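Chain by chain, the residues run as shown.
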Amino acid sequence: MNLREYIKENYQNSVRNSLKKEQIKMPYPYTAPCVKGLFDDLFYWDTYFINKGLLIDNYIELAKNNILDMSFLIKKYGYMPNSANYGLLNRSQVPLFSMMCDDFFEKTKDLEFVQSILPSMKMEFDFWLEKRTFKNGMFHYGNNATDEFKTEFASEFKKRVLLSDENRSDLEIGDNALAECESGWDFSPRFNHRALDFAPIDLNSIMYKNAMIIDKFNTLLNIKEDKYLFIADKIKNFILTKMIKDDIYYDFDVVNNKYSSAVSCASFLVFALGIDDNLERFRKNYKLLNFEYGIAATVPYKSENRYQWAYPNIWAPLVTFAFMAAINIKDFDSATKIATSYVLLIEKEYGKNNALWEKYDAVCGSKSKVNEYQETEMLGWSAGTYVLLEEYLRHGKEN
């Protein structure tokens, strides 16, 4: 069978019913990232990309169940946890719930469903607004962990990134490492092990979009609330004035008032989510991050540390954001190149062992060689991204 058929056949094989004691009991079956293997829970940002594939292939009920489970967790805890696992309640993850709901609405036009989940969207937004902002109003990643857990986690972090010399306490190291876990990029050179100091370009772009989506749904439901447009305007102004240097977007170190040293795929979200529509700026970012077999998470970097969310690794969610950026600014030539590179690489590797993988290599054109843990066979976001891009290549920009 071809890869698209394999994905369709295996959607149902990745549906779970939270049967393990460490899993939070969900009201609906959910779609796990793995058909079998390491990632068996309902994971947060993974599911945004999974749902894209489900919606394209008209598995509407599966996509809806994932959203309803997340809404349940937000109501229960006041935020969406990293996953529906008691051991991962001490942090959230990339806040894509509102964008997921918007995708569902654009597919189904089900305004009644939107009305039922809008309170959860607003509850999550308020969590980030109240718990994850600097004094200047910009958003940062963080965690809810105990000091004991932070200290313990520092040991795992050091092993994973090969960190040795560090003049900080394990408490501080663990605190920042868990904040970096909340970013979904665990781990990368973006924050220099100080994620708590940074206003990330991806997070703030997403919160801008979340505010715009909530305002859109408020308008459709005749609800009058001014705060979301006000916050969106504030974020947009900060990004366009403080997070750009030489036409490249960077994470910004608010505490030390300087840019990150890492150019990364996080920059694509500025273009993907409607903050900047400048074609030349997009192409400059794209040129820096595009390699022989596709888009790497970052540009090449010099470090003794090992980061799996960095060059030369290709990660499906980052490819999706790059593709969304190209589509949003109507650079269909770049969108086609991005889609073609990913689709061909995934199909080539699938042909070797009939499997999808969590990440791939932009230089070698194979499954990834830089891993912080055992390489993992996936369906998840690799499938969702493949379906999105393969569908585009079949039907073009008119689809």
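Below: a short report on this structure. Keep in mind it's a predicted model, so treat the numbers as computed, not measured.

So, the overall build of the chain
Now for step 1: Scanning the chain for helices and strands turns up 14 helices and 13 strands.
Now for step 2: Here the chain has a C-alpha radius of gyration of 20 Å; the compact-globule value for 399 residues is 21 Å, and the two agree.
Now for step 3: Along the first, second and third principal axes, the C-alpha atoms of the chain reach 55 × 50 × 50 Å.
Now for step 4: Going through the 399 residues of the chain one by one, you find that 60% of them count as buried.
Now for step 5: Taking the intrachain contacts of the chain between residues at least 6 apart in sequence as the baseline, contacts between residues at least 24 apart amount to 67%.
Now for step 6: Within the structure as shown, the chain displays about 16,100 Å² of accessible surface, and the carbon and sulfur contribution to it stands at 49%.
Now for step 7: Charged side chains in the chain number 49 positive and 56 negative. The centres of these two groups are separated by 1 Å.

What to know about the nonpolar core
Now for step 1: Counting residues in each nonpolar core, the largest one holds 132 residues, and the members touching the most others are Ile7, Trp45, Leu96, Phe268, Phe321, Tyr342 and Leu356.
Now for step 2: The contacts of tyrosine 342, once residues within four sequence positions are left out, are Ile314, Ala316, Val319, Tyr360, Ser382, Thr385, Tyr386 and Leu389.

Let's talk about helix 12 (residues 316-328)
Now for step 1: Under the 1.5 Å per step criterion, the end-to-end length of helix 12 is 18 Å for 13 residues, consistent within 8% with the ideal 18 Å.
Now for step 2: Helix 12 sits mainly inside the fold: eleven of its 13 residues count as buried.
Now for step 3: Taken together, the buried positions of helix 12 are Ala316, Pro317, Leu318, Val319, Thr320, Phe321, Ala322, Phe323, Met324, Ala325 and Ala326.
Now for step 4: In the segment just after helix 12, lysine 330 is the residue with positive phi, at about 60°.

Here is what the cut-offs are and how they apply
Residues numbered from 1 in each chain as written. Predicted model: local features only at pLDDT ≥ 70, side-chain atom pairs only at ≥ 80, totals over all residues. Heavy atoms only, no water. Helix = DSSP H or I, 4+ residues; strand = E, 2+ residues; numbered from the N terminus. Rg over C-alpha atoms; globule rule 2.2 N^0.38 Å. Buried < 20%, exposed > 50% of the residue type's maximum accessible area, 1.4 Å probe, protein only. Contact = heavy atoms within 4.5 Å. Areas by Shrake-Rupley, 256 points an atom, 1.4 Å probe, with all protein chains shown as cover. Lys, Arg positive; Asp, Glu negative; His and termini not counted. Charge placed at Lys NZ, Arg CZ, Asp CG, Glu CD. Core = buried A, V, L, I, M, F, W, Y, C linked by side-chain atoms within 4.5 Å. Expected span 1.5 Å × (residues − 1).

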